[in-house]
Amino acid sequence: MLTLMLSCYCFNIALALSVHPRSNSNVGLPNHSEVSRRDAMTHLSRSSSAAAIAAAAAAITSSSTTPPADAAASAGLANKLSKRDPAQLKNSVFNIPPGAQVYPEFLRGSWDVTMKYRGFLFPSTTIAKDKIVADVGIPGFQKLSIAQVGDVGREVTTYQMSVDPATGLEDRKVSLASSINSHLGYDAVREVLYDARENANRLSVDFVPQRTRNANRIELFCNARESELVPAESSASGRTVFVCSEYVRQVTFGLSQEFGVARQAVGNYAHFWTWRADEGGDKSTVTGNLLTAAYLDAQDPMFFDEPSKPVVVYSHDLVAKKRS
């Protein structure tokens, strides 16, 4: 039942976030133009009707299944996601440095991942949407402000993901470089510096000089990770489900209007992945969902209005095909 609830949550959140860029010709998000994501989202949010917002809220709060009492008592990540409430996706307070993420057997190997944009949601009840949209520093409103999803509103992106069959550790050099280049639509990454054994919580991305105007270098610092494997026998659907999260502080260095001074932008966000093994024992395909929660930085003037809950949640569907 827990995994069924988890699957329902991801589906409902994705549905709730689904102001799909192709569903209305008047509210499309351009995929390849030079406008910022914030400008596109401003246009989109103004075009959304009250009925659409009400439907989104209903999709989040409604479910055909009620979680069992023992699941409600659990403090695990799966239970957190099963609540179908964006307010549960609170930012993590930095404490003990987390270890590297280890993936289960069904996710190990090399994959071609297709990521499909579903939409976004403004869950804050304390800050007006127009104020949020006007804040250019929120992750996702500018390209490359979320490294893993370099262009949040890009409709479909395909990239490579590689997980070591023996250790279960992801090759972040391959996965992140491929994702960034695919989201941008051209090769911009010169090098990804990462060693999970030496320091699993810091990663650097160097870009080809003058290749992209939004970043010359990105530094990623992971503050927390969580993961949980729910076995197939515990799921009403009979599918093994793996959930994992990563809380990130991103520092982006780029060109500024002042000569000789680098622009520095800081953003805080968290990724919440849900991966489901394919039905029928087909090990060549896995499906999933990625929720990305964007938080206000402590230096943001609105920070004390929403210090821990996300101000924007983005949703993407995932289909991974094993590479031959």
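Reading the values: the criteria
- Residues numbered from 1 in each chain as written.
- Predicted model: local features only at pLDDT ≥ 70, side-chain atom pairs only at ≥ 80, totals over all residues.
- Heavy atoms only, no water.
- Helix = DSSP H or I, 4+ residues; strand = E, 2+ residues; numbered from the N terminus.
- Buried < 20%, exposed > 50% of the residue type's maximum accessible area, 1.4 Å probe, protein only.
- Contact = heavy atoms within 4.5 Å.
- Areas by Shrake-Rupley, 256 points an atom, 1.4 Å probe, with all protein chains shown as cover.
- Expected span 1.5 Å × (residues − 1).
- Polar contact = N/O pair within 3.5 Å; in protein donor to acceptor, adjacent residues only side chain to side chain.
- Pairing = 2+ DSSP bridges.
- pLDDT = per-residue confidence, 0-100.
- Salt bridge = Lys/Arg side-chain N within 4 Å of Asp/Glu carboxyl O.

**Q** Run through the overall build of the protein, naming residues and quoting values.
**A** Within the protein one finds seven helices and nine strands. Here the protein holds 324 residues, and the buried ones make up 52% of them. In the protein, 69% of the contacts between residues at least 6 apart in sequence involve partners at least 24 apart. Surface exposure of the protein reaches about 14,800 Å², of which carbon and sulfur atoms provide 52%.

**Q** Quick one: what's the story with helix H7 (residues 172-184), residue by residue and with numbers?
**A** Compared with an ideal rise of 1.5 Å per residue, which puts 13 residues at 18 Å, H7 spans 18 Å between its outermost C-alpha atoms and is within 8% of the ideal. Of all 13 residues in H7, ten are buried, a share of seventy percent or more. Those residues of H7 lying buried are Arg172, Ser175, Leu176, Ala177, Ser178, Ser179, Ile180, Asn181, His183 and Leu184. In this structure Asp171 caps H7, since a side-chain oxygen of it lies 3.2 Å from the backbone nitrogen of Lys173. Looking one or two places after H7, you find Gly185, whose phi comes out positive at around 90°.

**Q** Which residues make up the pairing of strand E6 (residues 241-255), and what are the values?
**A** In terms of burial, E6 is largely enclosed, as 13 of its 15 residues are buried. Where strand E5 (residues 217-230) lies against E6, 13 bridges are found, and the strand directions are antiparallel. Note that in E6 the partner of Cys222 across the bridge is Val248.

**Q** Lay out unusual backbone geometry with the relevant residues and their values.
**A** Positive phi, close to 70°, is recorded for Leu144, a residue that is not glycine. Residue position: Leu144 is located in the loop between helix H6 (129-133) and strand E2 (156-163).

**Q** Let's hear about the confidence of the model for the protein: which residues, and what values?
**A** Confidence in the prediction for the protein averages 79 pLDDT; 73% of positions are at 70 or higher. Residue range residues 1-35 is modelled with pLDDT below 50. Its contacts to residues more than four positions away, or to other chains, number 109 contacts. In the model, residues 42-73 has pLDDT below 50 throughout and makes 41 contacts with residues more than four positions away in sequence or in other chains.

**Q** With reference to specific residues and values, describe the environment of Gln88.
**A** Position of Gln88 among the secondary structure elements: in the loop between helix H5 (77-82) and strand E1 (109-121). Along the sequence, Gln88 and Pro310 sit 222 residues apart, while their C-alpha atoms lie 9.1 Å from each other. With residues near it in sequence (within four places) discarded, Gln88 still touches Lys80 and Lys83.

**Q** Run through the pattern of salt bridges, naming residues and quoting values.
**A** Applying the stated criterion to the full structure yields eleven salt bridges. Of the charged contacts in the structure, one is a salt bridge between Lys80 and Glu226, with a shortest N-O distance of 3.1 Å. In this pair, Lys80 sits in helix H5 while Glu226 sits in strand E5, placing the two residues 146 residues apart along the sequence. For Glu226, a relative accessible area of 26% corresponds to the partly exposed category. The partner of Asp317 in a salt bridge is Arg118, with the nearest N and O atoms 2.8 Å apart. With Asp317 in strand E9 (residues 312-322) and Arg118 in strand E1, this residue pair connects regions lying 199 residues apart in the sequence. The class of Asp317 is partly exposed, set by a relative accessible area of 23%. Look at the salt bridges and you will find they share partners, linking Glu170, Arg172, Arg225 and Glu246 into a network.

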